[in-house]
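Reading the structure
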Amino acid sequence: MSQNLVGGQLAFALAGDDKPSFENFWVGDNSELVAALKSAVSHSDGKVIYYYGPEGCGKSHLLYAVTRMASHAEKTTSYLSLLDAYVTPDVLEVVNVNGIVCIDNIQAWAGDNAKERQLFTLFEQIKHAGGQLIVSAKQAPEVSEFCITDLVSRLSSGLIYSMQEMDDQQRFHALQMRADHRGLTVSNEVLKYLVTRATRDTSELFALLEKIDKASLAEKRKVTIPFLQGLLSSR
């Protein structure tokens, strides 16, 4: 088993008791995407998987889930967020192209010709080595503002999925699932209050849930609306 986690973002994101996985991801309308990602880990056919959506819809969570599933299956994985300052074109040169390569926030390099060329080279290397490329972005390839048309063509050559931002009901169910996964007892009233009063960014919402969990344990208090109000006011 080999896992190549480039930069420090993934290690930070996987800290704590509620590590991102397919089991604690609220699938909602993304069942086809989740099935494709699981299939890519189990028996990849080499087609690039490109999915996109707004901030906070769970894109990074799914890449973390891929690396976790691959690790359990003793498969080589690499994770790179192109928003990470430590990830440079030179870093891409040492990626294991035989395994599963996960690139997060690929739009961060759009418009930089040198970086785009390195992405194109990486794509070709993965393709010829029989590896698997999985990409997350904010926009579809054709509107991603990449300058190199061949790169856009390559990114568009496989499976493309659009992720939608959750509505309040979906956030409620996702938050409920994550609370249950953490073993945190929270009433429906508290969850509804949290969904309507806190951030709409699900990644921030889940981070807040972790804060609530730790605070309730530290103070040995039930998670009630007054408790939540005090916690939110101190942010």
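An account of the accompanying structure is given in this report. (Residues numbered from 1 in each chain as written. Predicted model: local features only at pLDDT ≥ 70, side-chain atom pairs only at ≥ 80, totals over all residues. Heavy atoms only, no water.)

So, the environment of Leu133
Within the secondary structure layout, Leu133 lies in strand β5 (residues 132–137). Judged by relative accessible area, Leu133 falls into the buried class, the value being 6%. Look past the residues within four positions of Leu133 in its chain and what remains in contact with it is Lys47, Val48, Ile49, Val101, Ile103, Phe123 and Ile126. (Helix = DSSP H or I, 4+ residues; strand = E, 2+ residues; numbered from the N terminus. Buried < 20%, exposed > 50% of the residue type's maximum accessible area, 1.4 Å probe, protein only. Contact = heavy atoms within 4.5 Å.)

So, the state of the cysteines
Throughout the structure, instances matching the rule amount to zero disulfides. Just so you know, Cys57 is unpaired, no disulfide at all, and the nearest cysteine sulfur is the one on Cys102, 16 Å from it. A relative accessible area of 4% means that Cys57 is categorised as buried. (Disulfide = S-S within 2.5 Å.)

Some details on the pattern of salt bridges
Two side chains bearing opposite charge may form a pair once their charged atoms approach each other closely. Tallied over the entire structure, the rule returns six salt bridges. Between Asp168 and Arg171 there is a salt bridge; the shortest N-O distance is 3.3 Å. One end of the pair, Asp168, and the other, Arg171, are both in helix α7 (residues 168–182), three residues apart, so they sit about a helical turn from each other. Overall, the relative accessible area of 31% leaves Asp168 in the partly exposed class. (Salt bridge = Lys/Arg side-chain N within 4 Å of Asp/Glu carboxyl O.)

Focus on the environment of Leu119
With respect to the helices and strands, Leu119 occurs in helix α5 (residues 113–129). The residues touching Leu119, leaving out its near neighbours within four places in the chain, are Leu82, Leu92, Ile103, Ile106, Trp109, Phe146 and Leu151.

Comments concerning helix α9 (residues 202–219)
Over its 18 residues, α9 extends 25 Å from the first C-alpha to the last, a length consistent with the 26 Å expected when each residue adds 1.5 Å. Looking at the buried side of α9, the elements it contacts are α7, α8 (188–197) and α10 (225–233). Two residues or fewer after α9 comes Lys220, characterised by a positive phi angle close to 55°. (Expected span 1.5 Å × (residues − 1).)

Quick word on the pairing of strand β3 (residues 77–81)
Among the five residues of β3, five are classified as buried, and the element is accordingly described as predominantly covered. Alternating positions in β3 separate into two faces, Thr77, Tyr79 and Ser81 on one and Ser78 and Leu80 on the other, with burial throughout. As judged from the five bridges shared by β3 and strand β4 (residues 100–104), these two strands associate in the parallel manner. Bridge assignment links Ser81 to a residue of β4, and that residue is Asp104. (Pairing = 2+ DSSP bridges.)

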